[in-house]
Every structure is written in C-alpha cells, then in structure tokens.
Amino acid sequence: MRGELEAELILSQPPPGGHAALERLLPGLAEEALSRSLGKGATGRVVSWTLEGDRLTLTLTADNSRAHQALLALARRLREELGRREKIGVRSLRAIRYRVGFDVPEPPTGPVTLPVPHELRFDGTAATLDLLDLDEEALRDNWSDRAVALVDEKVRRQHYRGKEQYWKLLSQSPQRELTFHEDPTEAMLRRNWLKNGPTKGKWYLGPLPAHLLRTMERIAVEEVLRPLGFEEVIQPHHDSFDILLRTGHLEGLPGEFYYVTEPKSRDPADWERFTDLVKITRKVPEGELAQLVSPPVAVSCYAQCPTTYWWLSGRTLAQENLPLKIFDRAAISNRYESGGRHGLERVDEFHRIEPVYLGTPEQLLELRKQLLARYAHVFDRILELEWRTAWVTPFYMAQSGEVGVEDETQRVKGTIDFEAYLPYRGPRDTAEWLEFQNLSIVGDKYTRAFTIKAQKGELWSGCTGIGLERWLTAFLAQRGLDPTGWPEGFRKYAGELPREIKFL
Ligand code: SER
Ligand code: ZN
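Every residue gets a number counted from 1 within its own chain, in the order that chain's sequence is written. Labels follow written order: the first chain is A, the first ligand is 1, and so on. Note on the predicted model: pLDDT of at least 70 is required for a residue's local features to be given, and 80 or more for side-chain atom pairs to be given and counted; whole-chain, interface and lining totals, by contrast, use all residues. Side-chain numbers here rest on the full set of heavy atoms in the structure, without hydrogens or water.

A. How the structure looks around the coordination of the zinc ion (ligand 2). Protein coordination at the zinc ion (ligand 2): the donors are Cys 305 (SG), Glu 354 (OE) and Cys 463 (SG), at 1.9 to 2.3 Å from the metal. Metal-coordinating donors are taken as N, O and S atoms lying within 2.8 Å of the metal, or within 3.2 Å when the metal is Na, K or Ca; because water is left out, some sites can appear incomplete. Note on geometry labels: four donors, all angles 85 to 135 degrees, give tetrahedral; four donors become square planar and six octahedral when opposite donors are over 155 degrees apart and every other angle is between 65 and 115; remaining cases are irregular. Note that the zinc ion (ligand 2) binds four donor atoms; their angles at the metal cover 101 to 121°, and the shape is tetrahedral. One chain supplies every donor for the zinc ion (ligand 2), spaced along it as C-x48-E-x108-C. With Cys 305 in helix H11 (residues 305–312) and Cys 463 in strand E23 (residues 460–463), the pair connects residues that are 158 residues apart, well separated along the chain. Relative accessibility decides the category of a residue: with a 1.4 Å probe and only protein chains considered, values under 20% of the type maximum give buried, values over 50% give exposed, and everything between is partly exposed. For Cys 305, a relative accessible area of 1% puts it in the buried group. To qualify as a helix, a DSSP run of H or I must reach at least 4 residues; to qualify as a strand, a run of E must reach at least 2; elements of each kind are numbered from the N terminus.

B. Representation of the site of ligand 1 in the model. Throughout, near means a residue has at least one heavy atom within 4 Å of the molecule or strand. In the vicinity of ligand 1, the residues found are Ala 303, Cys 305, Arg 335, Arg 352, Glu 354, Phe 395, Gln 399, Asn 438, Cys 463, Thr 464 and Gly 465. Between ligand 1 and the protein, one listed contact pairs an oxygen atom with a side-chain N or O atom of Arg 335 at 3.3 Å. Per-residue and other accessible areas were derived by the Shrake-Rupley procedure at a 1.4 Å probe size, with only the shown protein chains allowed to occlude residues. For ligand 1, the protein covers 95% of the area, taking 230 Å² as the surface of the free molecule. Those elements that place two or more of their residues in the shell around ligand 1 are strand E18 (352–359) and helix H13 (395–399). Within 3.5 Å is the distance limit for a polar contact, defined as a pair of N or O atoms, with the added protein rule that one can donate a hydrogen and the other accept it, and that residues adjacent in sequence qualify only through two side-chain atoms.

C. Inspection of the sheet that holds strand E4 (residues 90–103) at higher detail. Pairing is antiparallel across the open sheet formed by six strands, whose spatial order is E2-E3-E1-E4-E6-E5. This sheet does not close on itself; its edge strands, each paired only once, are strand E2 (44–52) and strand E5 (118–123). When strand polarity is set aside, the average angle formed by the axes of neighbouring strands in this sheet is 10°. At least two DSSP bridges between two strands are required for those strands to pair. One ladder, built from eight bridges, connects E2 with strand E3 (residues 55–62); its direction is antiparallel. Residue pairing across strands places Gly 44 opposite Ala 62, the latter belonging to E3. Only heavy atoms matter for contacts: two residues are in contact if any of them lie within 4.5 Å across the pair. Convention adopted: a line fitted to C-alpha atoms gives each axis, helices being fitted over their contacting stretch, and angles between N-to-C directions are expressed from 0 to 180 degrees. Lying over the sheet, helix H4 (residues 143–160) contacts E4, E5 and strand E6 (126–135), oriented at roughly 140° with respect to E6.

D. Region of interest: the pattern of salt bridges. Any carboxyl oxygen of Asp or Glu that lies within 4 Å of a side-chain nitrogen of Lys or Arg is treated as forming a salt bridge with it. Tallying each qualifying case throughout the model produces 34 salt bridges. Taking the shortest distance from any N to any O, the salt bridge between Glu 81 and Arg 84 comes out at 2.6 Å. Residue Glu 81 and its partner Arg 84 are both found in helix H2 (residues 67–86); the two are separated by three residues, about one turn of the helix. Where salt bridges share partners, they join Glu 32, Arg 36, Arg 77, Glu 80, Glu 81, Arg 84 and Arg 85 into one cluster.

E. Seen up close, the pairing of E18. Summarising burial for E18: eight of the eight residues are buried, a large majority. The two faces of E18 match: Arg 352, Glu 354, Val 356 and Leu 358 on one face and Ile 353, Pro 355, Tyr 357 and Gly 359 on the other face are all buried. Pairing analysis gives five bridges linking strand E15 (residues 324–328) to E18, with the strands arranged antiparallel. Its bridge partner being in E18, Phe 327 is matched across the sheet by Pro 355. Pairing of E18 with strand E24 (residues 466–467), which is carried by two bridges, proceeds in the antiparallel orientation. Bridge pairing in E24 places Arg 352 opposite Gly 467. In this structure, E18 lies alongside E23, joined through four bridges in antiparallel fashion. Each bridged residue has a counterpart across the sheet, and for Leu 358 the counterpart in E23 is Ser 461.

F. Representation of the sheet that holds strand E13 (residues 298–300) in the model. Across the sheet, three strands lie side by side as E11-E13-E12; this open sheet has antiparallel pairing. Edge strands, defined here as strands with exactly one partner in the open sheet, are strand E11 (238–240) and strand E12 (259–260). Note that E11 and E13 share three bridges and pair antiparallel. Each residue of the ladder has a partner; that of His 238, found in E13, is Ser 300.

G. Quick peek at the side chain of Asp 152. Tracing the backbone shows Asp 152 in helix H4. By relative accessible area, Asp 152 is classed as buried at 18%.

H. Structural detail: the state of the cysteines. The term disulfide is used for any two cysteine sulfur atoms that are within 2.5 Å. In this structure the tally under the stated criterion is zero disulfides. Just so you know, Cys 301 is unpaired, no disulfide at all, and the nearest cysteine sulfur is the one on Cys 305, 9.0 Å from it. By relative accessible area, Cys 301 is classed as buried at 0%.

I. Representation of the pairing of strand E20 (residues 414–420) within the structure. E20 sits mainly inside the fold: seven of its seven residues count as buried. Residues Gly 414, Ile 416, Phe 418 and Ala 420 point to one face of E20 and Thr 415, Asp 417 and Glu 419 to the other, with burial holding for every one of them. Bridge analysis of strand E19 (residues 387–392) against E20 gives six bridges, and the strand direction is antiparallel. Bridge pairing links Trp 391 to Ile 416 in E20.

Right, here's the structure in full:
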C-alpha cells in the first residue's frame, strides 16, 4: 500500500518571512512528523511545497497507509511553531487529493462505486483510489482506510455473489411416517384459527394457535432453558442505531428493518391541522403526518442478542457468573420480508426466545453440547419431529454483510441450523426444509464490539434463537391440526385446548 497526499493549509495570515521563513521550518518538522507517524520500516517524504500568500500546499508520500497521519502530525507541529514564533494559526487543513495504491484479491468484474468524491482505477488487481477533498475530520477519522476496505469488500463480493451459502449436514433424525400433507397455515386459515394481520406479514392468532405457540414456549423454557440454568431478562423492544452500528447490522441489513419514528411534538396545537384534516376527510393526511414525525430514531427489534450485548457493554463479568446464561422472550422480532413472506413460517413479525451465553471458549463448547442434547430430547421425544442439523454460513456474517464462511473445518465458531421436513413441500430429498431454530458461537465478535470482559481470560459469546412460529409450523406441518395425531408428550404439555370458534 502506498499513499500520495496533496494537501492545502490555509494560514490565518501570510507569514511575514514568506517562503524563506518556512524554508527554515518545514523540512525539519516534516521529517519529524513522518518518522513519528509512519512507523518502523516505512518511508515517506514531502515531495514539494509552495506558499502563496496564506495558502500552503504540499505533496507528501508514504509507502504505507499512514500518509494522512503524517500530514496531521505535520499540521500540528506547524500550528505550534507558527503560533509560537509568528502568532500565526492554521485555519483549515484539507486533502485536495489523497491517492492510495493497493491490491485487491481478484480483478473486479464490474463497476465499484463509493459515496464520497473520488476517482478509482484498476489495472488487474492493482487499484488506485483518489479520494478528493477530504477535510481534517475525514483525515483524522481514517476515511481513507475505510474506503480502501470498502473497495476490497465490494470486489470480493462481486466474486462471491452467486456462490451457494455454505451448508453441511451434521445430524439427521430417523425418518418418520407422516400422514399430513397440507400447508398448515392454509389448514388453520380454513378453520378460522388465524387471520392475516391488519398490516403486512403479521398474523392474528386466535385462542387455539395462541395456546399452541405458548405451549411451544413452555416446552422450550422448561425442557431446555431451565434445566441448563438459563435465567430470564426483559429487554426493550427498540434497538438504537448505536447498537446496530456496533454489531454491523446497520450496514448489513438496512433494507430489512422496521424503522421507528417519534412525533416531533406532543402538543395538540402542533397537531391541530392534522386532526382537523382527519375529521373532515376520514383519511390519513400522509403528507401532513410526514412533517410531524421525526426521521427514524431506532429500529424495531430485529434480533434480541444485540440489546443484551448493549446491556453488558463496558462490563467485566465475575468468574462466578460464567458462563452467563440468560434469555429474553419479551421483545418481538420484526423483519421486513417483502417477497419472502409465506404463511406463518415466513413473517414480518415473530415471537422468539433468544438465549444468549457468555463464557470462556471451553465453557461455550460444553454448553453447546448440552443445548444440542436438550434440543434433541425435545424434538425427538416431545414433538417427535423429523429434523436435521447443518453447519451453515454464520448468521453474524450474513447479517453484517460479511463475505465468506468461517471455520467450517474446525467447527468451533459458527452457526448450526435446525431444519424440519415439511411434507406439504414435496419429497424429503428435494423439498426445501424449514429452518426452525439456530445455535451459534460467535467467538469474540460481539464481546469485543461492546467491550465486555471476563475477570480472567478470553470471553466469547453466542446465542440460539428459538423461533416459536417456526416450531409450531414444523410441528403442525408434520402432525396436522387434529390432536389425535399429536404425540403423547406434546399433548400432555398442551393440556386442555381452547374451543374452536365458529363464525356464522
Ligand atoms: N441472533 C440470531 C439470529 O438473528 C438468533 O439467535 O439469527
Ligand atoms: Zn443472536
């Protein structure tokens, strides 16, 4: 990586000694700044400079990515020396052009765009990026490094696109004899158990499916979580942008959130025109409303674990609390599914228990074993499902827009998906199975992002989302709606069922 920086400094006034005065000062300060900021083994220099009145322009090169830091250091020293000797300040500092040369892993296959003023050229895998007009804050904030990383990511993505998601079978339950072949959502709709919600991708569950969903919840809590020592927390339902910036969700999934806005005011006087329009037109005055609410300030819960990491951010966990095992079932997840919606299994709003665990790598590997055993107990003996598990592209990479697959050979960090066979979708070997559950160890990705530490040693984390609509769909798709087809273990948990409601 090499950098060439053309910069402009505007002084508070032309130096009295003019060019000659700077000639005595600049080379020494430049050398000092370069040697301090570029680091060992790297070289750089001020190639040329000119002073016209109060405008100092200079070109600085470096054979690594730190040219902008050398410039900032030089500007700081100039400020000190000019201030002390001549009472002159530096009013502004900017890079007119910052050229960075670097290599990408493969030649790009299409255009690569950036949202800041720039020019970008490729010669095979050699990239030359000119960032134009960077102010001091952008220099200080390392925009150049981030722009280079983004170009690299975009080129990788061009090559990655179209490649299959990683998927490797881990375990498979015995085949079961399944006699129900309907889409359970259709069947429930026919019997008025459900109604498509008043807004997109949401369902109103009548007493029967609500009871069954809560039964699933009880099974998860009593058969998996309590026996393993998980404790319940109650978390807020809105995720702040700060949280999503730290997890990477904001750059990974901006098109899948439900955004939250606030009224700009709660003073009825400010809403008078709006309410008057409602009274007269009996319609929503949409334009008027848009004026009265804020831009989005948060998102409705997408996954629960980010907020739990926020809760623990900046904390050091005591040895005696590790592994920390908690779960949330209060926040309800919202995802903008658009084209992907289907039945109760692919919805914009769903109920999930999200257990989160933090501990040493060894503790989490042990916990994963225990969780897998408890889940197997539930799916084999209580729900009697036909199910399988697979090692897949980790959710935290998919959700933060990262490219690639992690550790599929080592299988320490990563995600296991649990999938159920849905007979209505066709033969088991060709139909798509339903992911109804996952289990991940994410390593230190989130503990690092939120600065969560252990009293001793390394702290890892993970989560295992239990999607209750998914559990219910998987179960009903295999077992049908008639309780006589349900396994004894589930019937016991469900107890007495609410009566079906007949509409006339
Ligand atoms: N956070 C996970 C997910 O979003 C759930 O465990 O898939
Ligand atoms: Zn999670």
